[in-house]
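# Secondary and tertiary structure notes
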Amino acid sequence: MELQKRLSDESRGEIDASIIDPSGALPRWRATYEKATEGPITPISIDQLVNEISDSDVIHFGDYHTLRESQKGPLRVIENLLEGGNKVVLATEAFHIDSQDVIDRWWNREIDEDQLLSESRWEQRWGFPWRNYSVQMEFFRDRGLPIISLNSEPTVVGNSFEAREKIAAMRIVEALRDHDGAILAVIFGDLHVAAQHLPSSVTDMANRAGHRVPNQTTVFQNIDRVYWELASQGLEQQVSAVRIGNDRYCMVNTTPLVKHQSYLNWQLNEDVLEESMGLQQLPAISSSIMSDQVWMLIETICGYLEIPTDGLDGYTVHTGRNLDLLDNLREAHKLDDSQMELVNAQLELEESCYLSQVQIIVLGNLSIRHAAEEAAHHINSVLCADSGRANDPIEHFYEIAMREAIGYIGTKIIDHKRS
């Protein structure tokens, strides 16, 4: 836990250092967010969460733009709301208001996905992984539910958080009027959904417009202190949601380190592994989800190199996502001190490793590059009947160099754009 805390703080510091904030407003907004997420936490199930928020007019979901589980999380709640007979409308920050016509044409299947992204200028305006947001867009289109854009063009309103929120609030009030009786699922950046920000702006706009003030609820996701508090009680693997106030909740679907790594991986243009498959299955610590994805990488690499996959399925995958990782490795796999030192050293660098003697892949980062590299190490080790480290230091040096080159080839086969 201490290792993950330190790495998480370091990753967050690296992210902060990379963010350009010409207005200087970010520290103030973050402080407001931290205050808004204070309060004692009460673990609840997703079913309980849905039951408690089902009478809301507006549900604000906090979004961490680079984390795929953050885009999938709200859909698990919305699916339950729909099963309860509610109508839900998506209001998303991911598209600008002047792209509404483009969204409508895509929704009506008049244009394809490529045209939607091109005409809305997705890469230039939003730029976060379309793969993440497409799951939301397709979820609503497939169910015939409306999609409304909320974002504003910086060339018009500048980089002001307040201006963007006011315009988004106007759109939300209009949507409430146009879709009377529906629940508006607002998916907006984490910092914006603190009560003093977007929800407050919606209340102000409703009053100005003479509209009934809507009943609003906020569902944050993956608040760092919530995770660490659950982890200190050994509950981080069992709890999927908590209540932190009368109208404030938090869904827990990943670790702070994985969340922050997703942003750094996005900066490096690296895809990441799935933490859950589909919507019904909640994210799990179980290695089965990771093992299945690593097997697909093994099959792809072997297929490209025309190598049979016989005998390559004896590996296990473990990730730093599990706070019990080190204990489990030592106890379940009887790792010796040198193997544990290697795992520790790699995790401290947020790197991954492969232990050939026991065919264990340990992922310190859920990026596909890491997984592909260790999959290549596994293929190489099994096919070479690798007996481990060479005794001669010069031979050992060349052995490492060759292994690393082979690991790189594995990542290049999976991601040809890797430099």
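Look above for the structure.
Everything numeric here is computed off the predicted structure, so don't read it as measured data. (Residues numbered from 1 in each chain as written. Predicted model: local features only at pLDDT ≥ 70, side-chain atom pairs only at ≥ 80, totals over all residues. Heavy atoms only, no water.)

## Focus: the sheet that holds strand β9 (residues 316–319)
Taken together, the three strands give an open sheet; going across it, the order is β9-β11-β10, and neighbouring strands pair in mixed fashion. Each of the sheet's edge strands pairs with one partner strand only, and the pair in question is β9 and β10 (353–355). Across the sheet, the mean angle separating the axes of adjacent strands is 20 degrees when strand polarity is ignored. Relative to strand β11 (residues 360–363), β9 runs parallel, the two sharing four bridges. Counted as the bridge partner of Thr316 is Ile360 from β11. (Pairing = 2+ DSSP bridges. Helix = DSSP H or I, 4+ residues; strand = E, 2+ residues; numbered from the N terminus. Axes fitted to C-alpha atoms, helices over the stretch in contact; angles between N-to-C directions.)

## Some details on the pairing of strand β4 (residues 147–151)
Looking along a regular strand, one sees side chains alternate from face to face of the sheet. With five of its five residues buried, β4 lies for the most part within the structure. Here β4 shows no split at all, with Ile147, Ser149 and Asn151 on one side and Ile148 and Leu150 on the other all buried. (Buried < 20%, exposed > 50% of the residue type's maximum accessible area, 1.4 Å probe, protein only.)

## Considering the environment of Arg212
Position of Arg212 relative to the elements: it lies in the loop between α11 (198–209) and β6 (216–221). Separated by 130 residues in sequence, Arg212 and Leu342 have C-alpha atoms that sit 61 Å apart. Ignoring sequence-local partners within four residues, the contact set of Arg212 consists of Asp57 and Ala206. Here the side chain of Arg212 touches Asp57 through a polar contact of 3.0 Å, side chain to side chain. (Contact = heavy atoms within 4.5 Å. Polar contact = N/O pair within 3.5 Å; in protein donor to acceptor, adjacent residues only side chain to side chain.)

## Re a nonpolar patch on the surface
Taken together, Ile394, Phe397 and Tyr398 make up a surface patch of nonpolar side chains, about 380 Å² in accessible area. Within the secondary structure, Phe397 is located in helix α18 (residues 393–414). Given a relative accessible area of 53%, Phe397 falls into the exposed group. (Patch = residues over 30% accessible without salt bridge, like charges linked within 9 Å, V, L, I, M, F, W, Y side chains within 5 Å. Areas by Shrake-Rupley, 256 points an atom, 1.4 Å probe, with all protein chains shown as cover. Salt bridge = Lys/Arg side-chain N within 4 Å of Asp/Glu carboxyl O.)

## Quick look at the nonpolar core
With 42 residues, the main nonpolar core has Ile172, Leu184 and Val186 as its most contacted residues. Broken down by secondary-structure element, the contributors of at least two residues to this core are α2 (26–36), β3 (88–96), β4, α10 (161–178), β5 (183–189), α11, α12 (224–232) and β7 (241–245). No other element matches the seven residues that α10 contributes to this core. If we skip the residues at most four places from it in the chain, Leu184 touches Asp57, Val58, Ile59, Val89, Ala91, Ile172, Ala175 and Leu176. By size, the runner-up hydrophobic cluster in this structure holds 39 residues, among which are Val102, Ile103, Trp106 and Val219. (Core = buried A, V, L, I, M, F, W, Y, C linked by side-chain atoms within 4.5 Å.)

## Things to note about the packing of α10 against α11
Two elements in contact, α10 and α11, have axes separated by 8 Å at closest approach and are oriented at 60 degrees. Comparing the axis directions of α10 and α11 gives the class oblique. Note on packing geometry: the crossing formed by α10 with α11 is right-handed. Facing α10, whose interface residues are Glu165, Lys166, Ala168, Ala169, Met170, Ile172, Val173 and Arg177, α11 presents Leu198, Ser201, Val202, Met205, Ala206 and Ala209. Class assignment for the residues of the contact of α10 with α11 results in ten nonpolar, one polar and three charged. (Parallel < 35°, antiparallel > 145°, perpendicular 65-115°, else oblique. Left-handed = near helix turned anticlockwise from the far one by under 90°. Nonpolar A, V, L, I, M, F, W, Y, C, P; charged D, E, K, R; others polar.)

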